[in-house]
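So you can see what is in the structure, the chains are spelled out below.
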Amino acid sequence: MTTTIETRKADAGPPPPPKRRERRRDRRGVIGSTGLYLATGICALLFLVPFYLIVRNALSTDAEITGENWQWFPTDIQWGNISELFSDETVPFAHSLWNSWLVGVGHTIGTLLVCSLAGYGLARIPYKHANKIFYAVLVTLMVPAAVTFVPSFVLVSSLGWVSSFQGLIVPGLFSGFTCFLFRQYFLGFPKELEEAARVDGLGYWSAYWRIVVPNSLNFFAAIATITFISGWNAFLWPLVIGQDQEAWTVQIALSSYMTNQTVNFHLIFMATAVSILPLVFVFLFLQRWLVQGVAQTGIKG
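Residues numbered from 1 in each chain as written. Predicted model: local features only at pLDDT ≥ 70, side-chain atom pairs only at ≥ 80, totals over all residues. Heavy atoms only, no water.

Any chance you could explain the nonpolar core here in plain terms?
Burial of nonpolar side chains together is a common tendency in soluble globular proteins. Formed by 25 residues in total, the largest nonpolar core has its most connected members in L85, F93 and Y257. Of all the elements in the fold, those that place two or more residues in this core are α2 (18-58), α5 (93-124), α12 (217-233), α14 (250-255) and α15 (265-295). The element contributing the most residues to this core is α15, with nine residues. What L85 contacts, discounting residues up to four positions off in sequence, is F93, Y257, L267, M270, A271 and V274. (Core = buried A, V, L, I, M, F, W, Y, C linked by side-chain atoms within 4.5 Å. Buried < 20%, exposed > 50% of the residue type's maximum accessible area, 1.4 Å probe, protein only. Helix = DSSP H or I, 4+ residues; strand = E, 2+ residues; numbered from the N terminus. Contact = heavy atoms within 4.5 Å.)

Teacher, can you tell me more about the environment of F189 here?
With respect to the helices and strands, the residue F189 is situated in the loop between α9 (176-187) and α10 (191-199). Through-space distance from the C-alpha of F189 to that of S216 is 8.8 Å; in sequence the pair is 27 residues apart.

Help me out: how do you make sense of the packing of aromatic side chains in this one?
For any pair of aromatic rings, geometry is given as the distance between the ring centres together with the angle between the planes. Within this structure, the stated rule accounts for 17 aromatic pairs. Ring centres of F182 and F219 lie 5.4 Å apart, and the angle between their planes is 80 degrees; on these two criteria the pair is classed as edge-to-face. Of this pair, F182 sits in helix α9 while F219 sits in helix α12, placing them 37 residues apart in sequence. Like F182, the residue F219 is buried in the burial classification. On the basis of an interplanar angle of 75 degrees and a centroid distance of 5.2 Å, the ring pair of Y208 and W209 is categorised as edge-to-face. The buried category is assigned to Y208, whose relative accessible area is 2%. Using a relative accessible area of 38% as the deciding quantity, one classes W209 as partly exposed. An aromatic cluster of three or more residues is present, and its members are Y120, F182, Y185, F186, W205, Y208, W209, F219 and F220. In this arrangement the basic side chain of R183 is found over the ring face of F134, its NZ or CZ atom lying 3.8 Å from the centre. (Phe/Tyr/Trp six-rings, centres within 6.5 Å; stacked < 30°, edge-to-face > 60°. Lys NZ or Arg CZ within 6 Å of the ring centre and 35° of its normal.)

Would you mind showing me how to read the packing of α5 against α9 here?
Angle between the axes and distance between the axes: these two values describe a pair of packed helices. In the contact formed by α5 and α9, the axes pass within 7 Å of each other and the chain directions differ by 50 degrees. Taken as axis vectors, α5 and α9 run oblique relative to one another. Where α5 crosses over α9, the two elements pack in a sense that is right-handed. When α5 is examined against α9, the residues T111, L112, C115, S116, A118, G119, Y120, L122, A123 and R124 are found in contact with a partner set consisting of T178, C179, F182, R183, F186 and L187. Here the contact of α5 with α9 is composed, by residue class, of ten nonpolar, four polar and two charged. (Axes fitted to C-alpha atoms, helices over the stretch in contact; angles between N-to-C directions. Parallel < 35°, antiparallel > 145°, perpendicular 65-115°, else oblique. Left-handed = near helix turned anticlockwise from the far one by under 90°. Nonpolar A, V, L, I, M, F, W, Y, C, P; charged D, E, K, R; others polar.)

For this particular structure, what's the right way to read the pattern of salt bridges?
Close approach of charged atoms allows side chains of opposite charge to pair. Under the defined criterion, the tally for this structure stands at one salt bridge. Among the ionic pairs, E194 bridges to R124, the shortest N-O distance being 2.5 Å. Note that E194 is positioned in helix α10 and R124 in helix α5, a separation of 70 residues in sequence. Taking the relative accessible area as the measure of exposure, R124 reaches 13% and is therefore buried. (Salt bridge = Lys/Arg side-chain N within 4 Å of Asp/Glu carboxyl O.)

Where do I start with a nonpolar patch on the surface in this structure?
Nonpolar side chains collect at one region of the surface, where L113, V114, F174, W205 and W209 lie side by side and expose about 500 Å² of accessible area between them. Listing elements by their share of the nonpolar patch, those giving two or more residues are α5 and α11 (204-212). Checked against the element boundaries, L113 lands in helix α5. Take L113: its relative accessible area is 39%, and that puts it in the partly exposed class. (Patch = residues over 30% accessible without salt bridge, like charges linked within 9 Å, V, L, I, M, F, W, Y side chains within 5 Å. Areas by Shrake-Rupley, 256 points an atom, 1.4 Å probe, with all protein chains shown as cover.)

In this structure, what is going on with the packing of α5 against α12? I would like to understand it.
Relative orientation of the contacting elements α5 and α12 amounts to 140 degrees, with a least axis distance of 8 Å. With respect to α12, the element α5 is oriented oblique. α5 and α12 meet at a crossing whose hand is right-handed. Across the interface between the two elements, L97, S100, W101, G104, V105, H107, T108, T111, L112 and S116 of α5 pack against F220, I223, A224, T227, F228, G231 and W232 of α12.

Can you help me understand unusual backbone geometry in this one?
Glycine aside, residues mostly have negative phi, and peptide bonds are mostly found in the trans state. Positioned with a positive phi, S163 is a non-glycine residue whose angle comes to about 60 degrees. Assignment of secondary structure puts S163 in the loop between α7 (145-158) and α8 (165-169).

Shown next as C-alpha cells:
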C-alpha cells in the first residue's frame, strides 16, 4: 500500500513552485473581483433606471412621454417645466414642499424623543410590569393600520386639528416598531457607563441625556433617516387630514396633477423629481451614520 502511494506521488510530479501558486491565487482573486464589480455595476444600473425615467420625462413634453417612438433623451429639453411647476396657481407645490419638510422634521424629532424614552425605560428602569407593557407594545404591531384609522380621525377631528400641523404630526409620533428597536438597542448598551454616571450622582434622566444619547448618535441617525423618509412619503393620513390647500403635503400636491379629466404627465414627473431631492440630500448627509447605525449592536470600546 505504501509503495502504491509513493508511485502515485512520483507520477504526479513535483508540486508547483510557490510563485506559480501565488499567480494562480492572484488570477482567481482578479476574476472574482471582476465578477463582483460587474454584478454590482449591473445592479446599480438597474437601480438607476427609474431615476433616469423620472428625469427624462420631467424634461419632456406630454407627446414625447406618451408617443410611440421612444427616444432616450428629449429632442428639446423643456426647462420651462420647472417654472410651470412652481407657477401653477391651482397647486401650491412650493408651499406643499415646505409643509412636507415641517411635517417630516417634526415627525422625526417627536418619534425619536418619544420612542427612545419609551425604549430606554423598558430596557433600563426596573419595574415589575415592564415586560407586560413591552408585550402590549408588541401587540400594537399586529393591529392593522386600517383598524385605528377611523378612531384616530375622530379623535383628531374632535380636538379641532383637521388641516393643522398637530393633526399631521402628533398621531404618528409613537411607533411600536421604533420603540422595539430602541429597547433592543439599549439592552446591548454598556451598563458600565450608566453605573459610572450614577456613581457621579446622575439619575436615569440625566444619564439618558448626558451618557446614552451622545454615545448612540449612529443609531439615532439611522432611525431618524428611516422615520423622515416615512413621514415624507406618507399619503393617506395627510390626504384625510389636510383638507385645506394650506395643509397639503408634497404627496397630496403630486396626486392633484392626475384627475378624472386630465393627466399632466410632464408636471407629475417634474414634481416627482423635485420631491425626491430632499430625500437624496438627507440620505447623502446621513449615509455614514445610517450604515454604522444599522450594523451597530453596541458601543465599540
